[in-house]
Amino acid sequence: MKINSAETTWADELCIYDSCTPCLKGGKWEIRLTQELVEGGALLAGEPIGACQEFVVSAPQFGLEPDLIAGRYPPPGSVGAWSGTLPHIVLKDPTLPWARPLSGRSDARIPWLALMVFADSELKGDDGGQDATRAIASTVREFMHAGPTTLVPRLEVSPESSLDDPCTYIRIPAELFCNIAPRLDELRFLAHCRQSAVEDKPSMDLPHDGLTAVLLAGRFPAPPEQDKEKSVKYVVHLVSLEGMEPYLSGEADMGSFQDVTLLSLAGWYFYTTPDVPGDFKSLMLNVAAAAYEHGKAKPENFSLHLPELKVEEDGNEAAADVNRRLQAGYVPLCYHARTGEESFAWYRGPLAPCKPKSLLKAAPFFTADAAMIYDQTNGVFDLSLAAAWEAGRTAALSDPDFGRHLLVLRAAGQRFVDTLQNRLRSSYFSERKVGDFHEENTMSVQFGALLDGRLFEEIGKPPVPGRAGTALQRAVCVTDPVQEVKGCMDDPEVQEKMYAAVQRELEPVARWLGKLLLFYPVPFDYLVADERLLPVESLRFFYLDMNWLDALTDGAMSIGLESSRQTAFSGMIKKVAQDAALRSLCALRGGAYSTASSGAALPGPMCGFLLRSAVAAGWPNMVVRPYDGAGNALRILRLDHLSPNVLFCVFETIPDRIEFGEPQDGFGFGVREDGTVTLRQAVPGHREGDRSIGARIGGFPLLSGPGCMRDGRVLNLSPGSPDGLLGRMAAAMGNDTLPGDVLTPGALSMQLGKPPETMIFHCPQQ
């Protein structure tokens with residue numbers, strides 16, 4: 001196992017837009033239609049004929065669904081050296097920051113939302129610990145009547161809202177608001193849109209086109225004062241500035257107002273400290289450190305087994321077997337037998353630290369007892385496959401749609417076999433006519449095609465084995481009806497034709513089984529039976545045990561079996577259904593990082609990883625990219641959060657290396673340790689040898705630059721002024737590096753952005 005880090009080149013993987021304004025902003029609108037009557041070129045007297053239709057464009061005003069948030073930075077609750085970081089939030093709706101209008105402003109590019117940063121002591125909210133962000137839960141009515149000394153936004157309640165709707169707001173001193181609130185002409189530079197790929201990120205209901213909105217705070221958190229505090233708590237709120245337009249300037253007259261209340265649509269907190277680096281690279285290096293002992297990499301430390309358990313062998317074969325099982329990922333669990341005995345049994349889930357050997361079995365497991373494995377030497381049961389069978393059956397019984405589709409599939413297959421079997425009983429049907437049989441044709445069509453005089457002679461005659469012309473017909477024409485059905489269903493020709501005839505009924509069953517094989521309906525305890533297998537701040541790689549998946553499928557397909565014939569048919573159709581389910585795995589997620597088609601069979605053994613770390617919670621849409629030895633990107637079959645800090649991933653085959661990276665739509669903003677930022681090319685060069693977009697063109701002293709900051713560590717953007725941050729940064733970049741010779745919101749985000757970090761794990765092939 002080899003691990004290294006890198007700074008990704010993101011210019012070719014990311015599109016940045018200044019804004020994404022909707023065609024119509026939220027509020028009341030009208031459609032007016034008028035018609036004038038003209039005769040002989042002259043307008044007839046009278047009122048014009050017309051109609052008016054009112055409608056409402058819905059947009060959030062007093063609240064925001066948490067599902068609309070794709071990421072927050074710094075991570076909520078994190079502790080790190082964040083004093084050089086500008087917090088930001090990523091929204092799944094790219095038009096949301098521009099969805100509502102600011103009164104009196106014709107520029108649609110000005111957002112109504114802003115991200116504001118506060119020290120915990122600056123907020124006047126609840127300090128009783130009920131809300132860590134110091135936000136106040138209330139109703140719209142109470143918020144809009146806060147008191148004579150409190151400035152409240154002048155809002156017009158939208159038609160889809162009510163004064164009794166719940167809302168959350170913050171209260172801050174009026175003087176503080178004047179100092180740190182963004183100016184009206186600065187707002188549009190603190191919001192932009194990004195477009196990046198979504199196939200290499202966890203499934204978080206991101207837009208399919210990868211377009212998201214980003215809101216950037218205009219204030220740096222301060223580091224702790226020396227010899228006073230170890231860390232300082234900061235709170236970030238996504239606030240609405242609708243109705244606050246007259247006060248968004250440096251010269252606003254606050255009058256007698258002592259406090260300001262602002263609607264908060266989202267909030268989180270973090271701690272700044274100079275001693276604990278809490279960035280992506282540091283957290284990933286902390287996870288990777290577990291793979292090293294005395295400076296040497298040990299790949300087995302990344303395996304999903306219990307490393308702290310080991311039995312002293314001393315030549316004892318039973319102790320040696322225990323150690324072999326522990327190394328292979330087994331866990332000893334309490335076993336309560338149905339007969340009352342209590343003992344222990346071995347269990348290993350589908351995530352194995354080594355490649356399991358294939359289990360040869362003549363037929364599917366039709367009961368959980370049939371899947372139990374007994375170790376006669378040591379007198380211990382292995383209940384891994386029995387548990388898998390029960391998990392599959394439980395998942396199938398809990399989904400009535402799957403049970404209905406499975407019964408339809410069985411009925412279609414059995415109907416096909418019955419129809420074909422009746423034909424095979426008659427010596428009239430030649431092998432060619434049997435081979436031409438298609439179940440989807442109606443009986444009248446097929447009967448008409450076969451109608452001749454000889455057929456009438458055969459009608460009503462019993463089957464005569466001696467007259468059967470083919471081996472298949474002779475196998476069917478026996479006296480034992482059970483053997484007759486079994487002989488027909490076991491014939492490869494019949495099976496092939498039946499599989500082709502039930503493709504339509506097979507599709508929903510295969511699709512459900514595909515999700516089952518990726519463990520969507522399987523409880524987490526079946527995957528990781530002991531918490532010690534996946535400790536905090538750990539990364540564990542695994543192979544998928546196909547024996548476990550096979551037993552899982554057996555359990556799911558065991559429902560609704562009422563006869564030996566249905567059991568035989570279920571055993572026959574199971575292989576086809578499982579193969580179709582494996583092929584459907586590729587279509588469940590799609591994947592731009594694969595050259596194989598969605599219907600192709602899997603090229604190799606499936607594998608994956610489990611990551612339990614603060615990095616999974618802090619970067620929920622982190623990038624995961626697997627590659628083979630030739631550098632070709634592999635398909636990700638599943639990439640999901642099983643909990644906020646647990647990330648689960650399955651690959652189509654064993655990768656040669658895996659890249660874990662910060663998301664292109666959520667990398668950080670801020671300065672380096674020396675208070676400078678890296679200036680980058682913002683437009684493509686047109687001359688030979690010109691730098692590409694994103695190329696470095698120098699440094700810029702942001703924190704110490706004259707005119708770049710206001711009191712309170714607030715950015716002094718000052719659009720249109722050569723003495724503010726935008727003007728000085730544009731002058732340092734030069735006209736040939738800017739879009740239109742000015743610094744736009746998208747170009748500013750590129751200058752303030754920190755390139756995403758990537759950790760690369762090189763996987764040894766076993």
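In this convention, every chain numbers its residues from 1, walking through the sequence in written order. Only residues with pLDDT of at least 70 are given local features in this predicted model, and only at 80 or more are side-chain atom pairs given and counted; all residues enter the totals for whole chains, interfaces and linings. Values shown for side chains rest on all heavy atoms present in the structure; no hydrogens or waters enter the calculation.

### Some details on the overall build of the chain
The line we're drawing: Working definition: helices are DSSP H or I runs of at least four residues, strands are E runs of at least two. Numbering for both runs from the N terminus. Residue burial is assigned from relative accessible area. The probe radius is 1.4 Å, only protein chains are included, and a residue is buried under 20% of its type maximum, exposed over 50%, and partly exposed in between. Contacts are residue-level and defined by heavy atoms, with any inter-residue pair within 4.5 Å sufficient. The accessible surface values rely on the Shrake-Rupley method and a 1.4 Å probe; as for residues, cover is taken only from the protein chains in view.
For the chain, the helix and strand inventory stands at 19 helices and 37 strands. By the burial criterion, 51% of the 766 residues in the chain qualify as buried. Nonlocal contacts in the chain, meaning residues at least 24 apart in sequence, comprise 75% of its contacts between residues at least 6 apart. Just so you have it, the chain exposes about 35,700 Å², and 52% of that area is on carbon and sulfur atoms.

### Section: the pattern of salt bridges
Stated formally: Put simply, a salt bridge is a Lys or Arg side-chain nitrogen that is within 4 Å of an Asp or Glu carboxyl oxygen.
Across all of its chains, the model carries 27 salt bridges by this definition. The partner of Asp107 in a salt bridge is Arg109, and the shortest N-O contact between them spans 3.0 Å. Here Asp107 falls in the partly exposed class, since its relative accessible area comes to 28%. The shortest N-O distance in the salt bridge between Lys361 and Asp554 comes to 2.4 Å. Highlighted residues: Lys361 in the loop between strand S23 (351–352) and strand S24 (373–375) and Asp554 in helix H15 (residues 546–556), separated in sequence by 193 residues. Since its relative accessible area comes to 3%, Asp554 is described here as buried. Through salt bridges that share partners, Asp321, Arg324, Arg325 and Asp382 make up one connected network.

### Thoughts on the nonpolar core
Test applied: In these notes, a set of buried Ala, Val, Leu, Ile, Met, Phe, Trp, Tyr and Cys residues joined through side-chain atoms within 4.5 Å is what counts as a nonpolar core.
Grouped together as the largest cluster of nonpolar side chains are 95 residues, with contacts concentrated most on Phe177, Phe609, Val624 and Phe660. For Phe660, the contacting residues outside a window of four places in its chain are Phe280, Met284, Leu539, Phe609, Met622, Val623, Val624, Glu757, Thr758, Met759 and Phe761. Counting 71 residues, the second largest nonpolar core, distinct from the first, contains Leu351, Met498, Ala556 and Phe569.

### Re a nonpolar patch on the surface
How we decide: In this analysis, a patch consists of residues with relative accessible area above 30% that form no salt bridge, clustered at 9 Å for like charges and at 5 Å for the nonpolar side chains Val, Leu, Ile, Met, Phe, Trp and Tyr.
Together, Leu37, Leu44 and Ile49 make up a nonpolar patch on the protein surface, roughly 250 Å² of accessible area in all. Looking at where Leu37 falls in the secondary structure, it is placed in the loop between strand S3 (27–35) and strand S4 (38–39). Given the relative accessible area of 43%, Leu37 is considered partly exposed.

### Here we look at the sheet that holds strand S26 (residues 538–544)
Heads up, the condition is: Whether two strands pair depends on DSSP finding at least two bridges between them.
Reading across the sheet, the five strands line up as S23-S26-S27-S30-S29 and stay open at both edges, with antiparallel pairing between neighbours. For this open sheet the edge positions go to S23 and strand S29 (636–643), each flanked by a neighbour on one side alone. Bridge count between S26 and strand S27 (residues 607–612): six bridges; the pairing is antiparallel. Residue pairing in the sheet places Leu539 in a bridge with Leu611 of S27.

### Comments concerning unusual backbone geometry
In the segment running from Tyr73 into Pro74, the intervening peptide bond is cis, with an omega of 0°. In this structure, Pro74 sits in the loop between strand S7 (69–73) and strand S8 (79–80). Even without being a glycine, Ser718 presents a positive backbone phi close to 45°. Within the secondary structure, Ser718 is located in the loop between strand S36 (714–715) and helix H18 (725–733).

### Some thoughts on the side chain of His192
Quick note on the threshold: Identification of polar contacts relies on pairs of N or O atoms within 3.5 Å, with a donor-acceptor requirement for protein atoms, meaning one able to donate a hydrogen and the other able to accept it, and with residues adjacent in sequence counted only if both atoms are side-chain atoms.
Within the secondary structure, His192 sits in strand S15 (residues 191–195). Of the residues examined, His192 reaches a relative accessible area of 2% and is grouped as buried. Within the structure, the side chain of His192 is placed 3.0 Å from the side chain of Arg194, a separation counted as a polar contact. Setting aside residues no more than four positions away along its own chain, His192 makes contact with Ile16, Tyr17, Asp18, Trp98, Thr212, Ala213, Val214, Phe669 and Ser749.

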